[in-house]
Number of protein chains: 2
Amino acid sequence: MIKYVYLFNEGNKDMRDLLGGKGANLAEMTNLNINVPKGFTVTTEVCKYYNEKKKVTVEMKRQIENAIKKLEKQVSKEFGNKENPLLLSVRSGAKISMPGMMDSILNIGMNDEIASELEKKVNPRFVYDSYRRLIQMFSDVVMGFDRNQFEEVITRFKTKKGVKFDVELDATDLKNITNEYKRIYKRLSGREFPNDVYEQLFKTIYAVFDSWNNDRAISYRRMNNIDDALGTAVNVQQMVYGNYNEKSGTGVAFSRNPSTGENEIFGEFLLNAQGEDVVAGVRTPEKISELKKFSLSIYEEFKNIAKKLESHYKDMQDMEFTIEDNKLYILQTRNGKRTGTAAINIAVDLVNEGLISKEEAILRIEKEDVESALHKRFDIKEDDENLLTTGINASPGASCGKIYFNSKDAVDAKNKGEEVILVRKETSPEDIAGMKEADGLLTATGGMTSHAAVVMRGMGKCCVCGASDIEIDEENKTISFNDVMLMEGDYISLDGSNGNVYLGKLNTLDPEINEKFEEFLSYAKEIKDLDVYVNSDTEKDLCLALKFGAEGVGLVRTEHMFFEKNRIKSFRKMILAETKEEKDKWIKVLEKYQEEDFISMFNLLDNKTITIRYLDPPLHEFLPKDDETIFDLSTSLNINMDELKTRINNLKEFNPMMGNRGVRLLITRPEIIKMQTRAIINAYKEVNKNIELDLMIPLISDINELKYVKNIIKEEIDKIDSEINYKIGTMIETPRSALTSHKLAKEADFYSFGSNDLTQFTFGFSRDDANFLNTYYKDNIFTSSPFNSLDIDGVGMLMLYAKTASKKVNKDIKIGICGEQAADESAIDFCNNIGLNYISVSSYRVPLAILLSAKAKLNE
Amino acid sequence: MIKYVYLFNEGNKDMRDLLGGKGANLAEMTNLNINVPKGFTVTTEVCKYYNEKKKVTVEMKRQIENAIKKLEKQVSKEFGNKENPLLLSVRSGAKISMPGMMDSILNIGMNDEIASELEKKVNPRFVYDSYRRLIQMFSDVVMGFDRNQFEEVITRFKTKKGVKFDVELDATDLKNITNEYKRIYKRLSGREFPNDVYEQLFKTIYAVFDSWNNDRAISYRRMNNIDDALGTAVNVQQMVYGNYNEKSGTGVAFSRNPSTGENEIFGEFLLNAQGEDVVAGVRTPEKISELKKFSLSIYEEFKNIAKKLESHYKDMQDMEFTIEDNKLYILQTRNGKRTGTAAINIAVDLVNEGLISKEEAILRIEKEDVESALHKRFDIKEDDENLLTTGINASPGASCGKIYFNSKDAVDAKNKGEEVILVRKETSPEDIAGMKEADGLLTATGGMTSHAAVVMRGMGKCCVCGASDIEIDEENKTISFNDVMLMEGDYISLDGSNGNVYLGKLNTLDPEINEKFEEFLSYAKEIKDLDVYVNSDTEKDLCLALKFGAEGVGLVRTEHMFFEKNRIKSFRKMILAETKEEKDKWIKVLEKYQEEDFISMFNLLDNKTITIRYLDPPLHEFLPKDDETIFDLSTSLNINMDELKTRINNLKEFNPMMGNRGVRLLITRPEIIKMQTRAIINAYKEVNKNIELDLMIPLISDINELKYVKNIIKEEIDKIDSEINYKIGTMIETPRSALTSHKLAKEADFYSFGSNDLTQFTFGFSRDDANFLNTYYKDNIFTSSPFNSLDIDGVGMLMLYAKTASKKVNKDIKIGICGEQAADESAIDFCNNIGLNYISVSSYRVPLAILLSAKAKLNE
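None of these values were measured; they are calculated from a predicted model.

> Give a description of the sheet that holds strand β3 (residues 88–94) of chain B that names residues and reports values.
All names here are of chain B. Strand order in the open sheet formed by five strands is β1-β2-β5-β3-β4, and the pairing between neighbours is antiparallel. Pairing within the sheet leaves two strands with one partner each, and these edge strands are β1 (5–7) and β4 (104–108). The mean angle between the axes of side-by-side strands here comes to 20°, regardless of whether they run parallel or antiparallel. Note: β1 against strand β2 (residues 39–42), three bridges, orientation antiparallel.

Printed below as a string of structure tokens:
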């Protein structure tokens, strides 16, 4: 007999597949003797069966009924018994948490008879508050009625009575509301609200199963790559009531700060309320530290449970709790979502606390954590006059954008290429699409654990919540900050680290990495095999990269040094010179510039490698295209415009990507490689530091090219100083260089795969002419661009061959990669697995590459 | 003790390295009891030693002197003995024949004393003719004196006497000439002509060694890739005299016709003359068949010897003979040079005569033989009024060109890109450079075996010799054909097959292949593994290819069908159409054209495969570039010019070679592939023959492209007739398609390597932008273009991988190659060795490809 239902004491945390995350953790906590409301879990198997057949088997139903019987014994109450009624909550719980995506119903087991009996024994306000919630949720979740019809009733009662909050309504109000709800239910369904508690229970369970396939849940799964076939478990649990009386309450708390990672309990609670009141952000709750004032012992008890769970799960916990009549229940625990910064800080703290190893710390941190931890910051002073307001710093980051007031407008604006800040009173799961597209989110209500905060933190995006002094007019699409009123499309800037909201678009600064981040990177460096170099062409950028942990420079694109306005003029004159004297003159000017650049970069390095690539692009890339610039140039060259245009035209190529560039250019214009060599060597002598000079020749396709150019370089260096140490290597950018790398390896000290060009030539299409890829995506021929993620099947195969064949010939050869895809997760995995020596990425991606290299090593 | 000298009876034909070709064959003939003048060979080792040290060792000299002693005994004569003098010839003879490049001297051993004693015993005219020849040759070869000074003496004597030919001079004349020669010799050298016969001998031997390094010999070796280190042997041989008396003569003959291959003795002789008189073409000799009239028995004897040698060497022989006083001596035999046509005809005959196997026949025929056998023919009638004269059809072919009168002018004109016919009275080795560059050669004197004829046949070039009624004025650079006088730069046309010379530039016709050629190709077809297909896009071309033996069609470039003037207009309109209706309209027009084309090609085929490639190039290749055509198009499209230019510009790409072409175009413009599919299938149904339809998709880089397009094709075909048999395959043109061919092989029925694009992408440069290769050639970085000969190291490696990986997955997959390099010798070798199924080449190269495929198989 298959077991379809598990009492909490029959399960454990490893049974997530069957019991879902929530069910498994409730079972685990039960086993840890933590005070969890008693209950049982209906397995995901039942969900799968139901979702296929739209019914459950007799046996499944029997097991659920049996579990109710056992539960009745455990709690000494009886389901549907008016004297001693057992009331139940029914909650979804999938293997992977999908917060807010599926449905729950509380207070199942209430009916007219039980209510009228119960109001004699306990607070009648509580009885009817529970009853009306049951009807409201059941109507919404099971029957699919518009919930506004029910909300309107409460609003009407509050208005009539002149009060603001639900808690200000008394027992009579709630009883009247309950009755009105029943009338609405009958009107909409044509039937009375069911008094049969088992009917309530089963319909609810089926509705939860159905909710697995609601639009929100499906789109959430798409977004997070969750398998549609998993299904959800259903947890049926004895109700405990945060709204039972004044000695009751409910809250959500993290064992550490999910925004910063600080090691202190962090969360919120509401007295005399049920859980959804906190999550929905309807009332702004109190900080968890305020719980001390309510009851120091309960606060301490909760803190101890939090620590116990954290030690047990070896991770920061996100817990829901309820206090019913001064008794603490834990409703749920799970590993808490957190910002990237918090994730890193917590991981480092857990290592230092001895709870996890460095390896575990590395494995826990995802690519997105590092990306989000490297948030940009605003370049502002404390007393900025553009400050509009300060809300809750719910998710860090600095984002600027035009304001939009609903999800659809935000999506439309983003599609037009705008920067977008979504502004909402509060968010609900319906807002997901807009939140996904927006650069930042501002809400008027809700705290750190509100839907808005949780979701935005999950996506690593900036969020300011509960900015309570703003007024949002959704209809007219305006927002007022005291005396400032903004309209749709106006720019604001959000600082998610401190909750500040600014008028207009602020400048941003480079991110910084703190001590814990550095410590974290040091774990990764201990573990990884791949060296992480940086692609950098300027002093400023190199400086940043070194702070970010770069272990060398893998690519200096020397042509970038010529694009600056004055320099490009000299460069153009050099290209177009017709006499040797003229050419030599401009070569000298350029040599001076280049030498200065190298000096400034070399000065930053010590005990590090710098890999300098000789000029790569075709010459005409440097030439002016518009008549005005051509005219200016013709004047300064003192030749007529037609003549100049002819010279420029002579340099044009049919397929510049496959033309006279890279080593071909260096061979046809040897004065360039000589000039660059002199600049490098003279700068090196000037700086006189311990630097490994790796001179790199681009676009080799044949060993003879390498030999020829190597000889030119050697001769030029020997003229200056034959004692200088340097290495000569090549880019592997053409398929042929990979295919003949066993020959190249005899002449080269190192290789660097230029994955960008290598991808172009391997596929036979250029990135600049790949518009057809849009059709490919549309028709599912390609799912992504090979320029974004390394093509393992084709390009990777060439890399593998080149690496294997080369090391056989030259075991000391150093092999790396410096293309754009080098920071891609699967690319780093691949580079680690085939045993490359280094990867080289742009400065901002250095920390990420360090992490991913370590993870790749651990996942080998 | 090393043996430096071999008597003829001590060697054999396999000792070419040591004895040279001539020496080895003289030895072989001696062993065959053929009447060869007795003698010995000084080995190539002595030459190598001499050329390094400029002397010979005592031992070498001793062995030569010993050999003389033995020779004296064999012939019962004594070297330097006036009573019974032994006279010798000294001839060069390298391993590989270098006709006319090195020097010989005859009549060594003659001096004043011997001459005056000898004239008492034999014809004094002969004695002094021999003596004066010795002095003349010795002066030229050993002393390096200008030979004109000696020629002038003879001319003076002939003029004085009023005769035309040397033979008309009598004994007194020749004695006087001899005395005059001795005076000239003394004047030029300051010494008497040496009476010491050993001094004559050794100085001659050294001079022959020296002649290995004369300019002519060096340039001949360069041209024919002969190793400079080989050196020449020297053959010292008893003189026999074709000029001994009226019963003497000398000749050169082939055992078969070297121009046509006909099986009959072919050659020429001169009575009362020495060998160089024939070769130099000074007197026009008589046909060998005339020898019967001189002496039937000697003619028969020679014929028998010729057959005997041919059977022994199993190849057509080129022989020199001398008749001395009615006795026949064979001076030399070697495998005869022949035209391509003769080579093929002889090979087929030898197979039919049972002398060689079909495999040997294949191995004997070189690429150049087939190329030259496919000479063009003139499109003329017999009685063409432009016929200027008819000479000897010395080397076949049809060539037109401007006339030039010396080697230098011919070379200069060729360098300017002109077609050149070199016109000479007779040629000498000094003319080699001009002969090499000229398209054809016309001479006034000399026959089939003259220098002019031999060299031009060797180079497979058209030659008309001995056009005796022309008058050449070298100084004024004019030539007179009876009443027509032409000047330098005028056009003539030479027909080497019949010796006709025409005024002006005649049209040429496609070559034809005769029955023997067909038989030869049938041997090749039996032997080879590779199928030979043709790349063909038109009915006319396909027709030719089938005559040439094409076994299928490997590539129909369907885009070529659209370049015709009317069609391209429709094609342009289709490309630029903005509405669906408009597009459909032009698609229909194009479909009709294409269907007609396919019908005409299918009609030519039966039991053959045709491989049709869908549209490949980027669309903008079809669009007009110049304003005028754009204007015309704008008028006919009824849109304004600016608008049209914009549409054309929208199709421009940065790197069209790497842009929206091939399968990418077919995916973005599916109407094209659908149209082409309909045209093919409807044509196929219309023709209804047994044809294998191979539909080929270009420029695949990913399996999904293939799947997608395959599906479109299948749907389109099913709409017409789902019962039709066809195959779908891909070009392998991108490195990635080769690297992922194990995936493609699951979907493809066949592959064709497009070596042109594959080369471009593998090297990362385009053929259109490869100007830099000129620098590469200059600096010896590349020796040839990878677009001319297949790059085995890079492209070949991809091919090998693709073939191996694909056959593992799909053992029945058919794999071929259809790029430009497919007809290259090394490419065919490679394709054979890796086991491709077919190669596909242009129609003219089909016979060549058939031969090379068979050779590749035999050379495996």
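> Now, about the relation of the copies chain A and chain B: what can you tell me, with residues and values included?
Of the two same-sequence chains, chain A is brought onto chain B (RMSD 0.5 Å, axial shift 0.2 Å) by a rotation of 178°. Such a turn and shift between the copies fits a two-fold axis. By C-alpha distance to the rotation axis, the residue of chain A lying nearest is Asn655(A), at 1.6 Å. Interface overlap between copies is the fraction of interface residues in one copy that are interface residues in the other; for chain A against chain B it reaches 100%, indicating a shared surface.

> How would you summarise the state of the cysteines if you had to cite specific residues and measurements?
Residue and element names in this part refer to chain B. Enumeration over the complete set of coordinates arrives at zero disulfides over all chains. For Cys465, which is in no disulfide, the shortest distance to another cysteine sulfur is to Cys463 and amounts to 3.5 Å. With no disulfide of its own, Cys818 lies closest to Cys831 among cysteine sulfurs, the gap being 11 Å. On the accessibility criterion, Cys818 (4% relative accessible area) is buried.

> I'd like to hear about the sheet that holds strand β30 (residues 814–817) of chain A, residue by residue, with values.
All names here are of chain A. Spatially, β24-β25-β26-β27-β28-β29-β30-β31 is the arrangement adopted by the eight strands of the closed barrel, whose pairing is parallel. Between one strand and the next, the sheet's axes are offset by a mean angle of 30°, whatever the strand orientation. With four bridges joining them, strand β29 (residues 750–753) and β30 adopt parallel strand pairing. Bridge pairing links Ser752 to Gly816 in β30. Sheet strands in contact with helix α34 (residues 846–858) are β24 (531–535) and β31 (838–842), and its direction is about 155° off that of β24.

> Give a description of the interface of chain A and chain B that names residues and reports values.
Listed by partner, the interface residues are 45 residues for chain A and 45 residues for chain B. When chain A packs against chain B, the two sides together hide about 4,000 Å² of surface, and 61% of this comes from carbon and sulfur. Among the residues chain A hides against chain B, the three largest losses belong to Met658(A), Arg736(A) and Asp769(A). Together they make up 17% of the total. Taken together, the links from chain A to chain B amount to four salt bridges.

> Mind laying out the pattern of salt bridges, listing which residues take part and the relevant values?
What the rule picks out here adds up to 142 salt bridges over all chains. Across the salt bridge formed by Asp616(A) and Arg661(A), the nearest N and O atoms sit 3.3 Å from each other. A residue pair is termed long-range when its members are at least 10 positions apart, and Asp616(A) in the loop between β26 (608–613) and α23 (627–637) and Arg661(A) in the loop between α24 (641–650) and α25 (663–668) qualify at 45 residues. With respect to class, Asp616(A) is no different from Arg661(A); both count as buried. Residue Asp17(B) is joined to Lys95(B) by a salt bridge in which the shortest nitrogen-to-oxygen separation is 2.8 Å.

> Pulling in residues and values, what's your account of the packing of aromatic side chains?
One pass over the full model with this rule turns up 54 aromatic pairs over all chains. Both rings, one in Tyr776(B) and one in Phe782(B), keep their centres 5.1 Å apart while their planes meet at 85°; by these two values the pair is edge-to-face. The pair Tyr776(B) / Phe782(B) is uniform in exposure class, with both members buried. Here Lys327(A) stacks its cationic end above the ring of Tyr329(A), 5.7 Å away from the centre of that ring. Geometry around Trp212(B) places Arg221(B) over its ring, the cationic atom sitting 3.8 Å from the centre.

Conventions used here
- Residues numbered from 1 in each chain as written.
- Chains lettered and ligands numbered in written order.
- Predicted model: local features only at pLDDT ≥ 70, side-chain atom pairs only at ≥ 80, totals over all residues.
- Heavy atoms only, no water.
- Pairing = 2+ DSSP bridges.
- Helix = DSSP H or I, 4+ residues; strand = E, 2+ residues; numbered from the N terminus.
- Axes fitted to C-alpha atoms, helices over the stretch in contact; angles between N-to-C directions.
- Least-squares fit on C-alpha atoms with pLDDT ≥ 70 in both.
- Contact = heavy atoms within 4.5 Å.
- Disulfide = S-S within 2.5 Å.
- Buried < 20%, exposed > 50% of the residue type's maximum accessible area, 1.4 Å probe, protein only.
- Buried area = accessible area lost by both parts, 1.4 Å probe.
- Salt bridge = Lys/Arg side-chain N within 4 Å of Asp/Glu carboxyl O.
- Phe/Tyr/Trp six-rings, centres within 6.5 Å; stacked < 30°, edge-to-face > 60°.
- Lys NZ or Arg CZ within 6 Å of the ring centre and 35° of its normal.

These results come straight from atomic positions and should not be treated as a statement about function.
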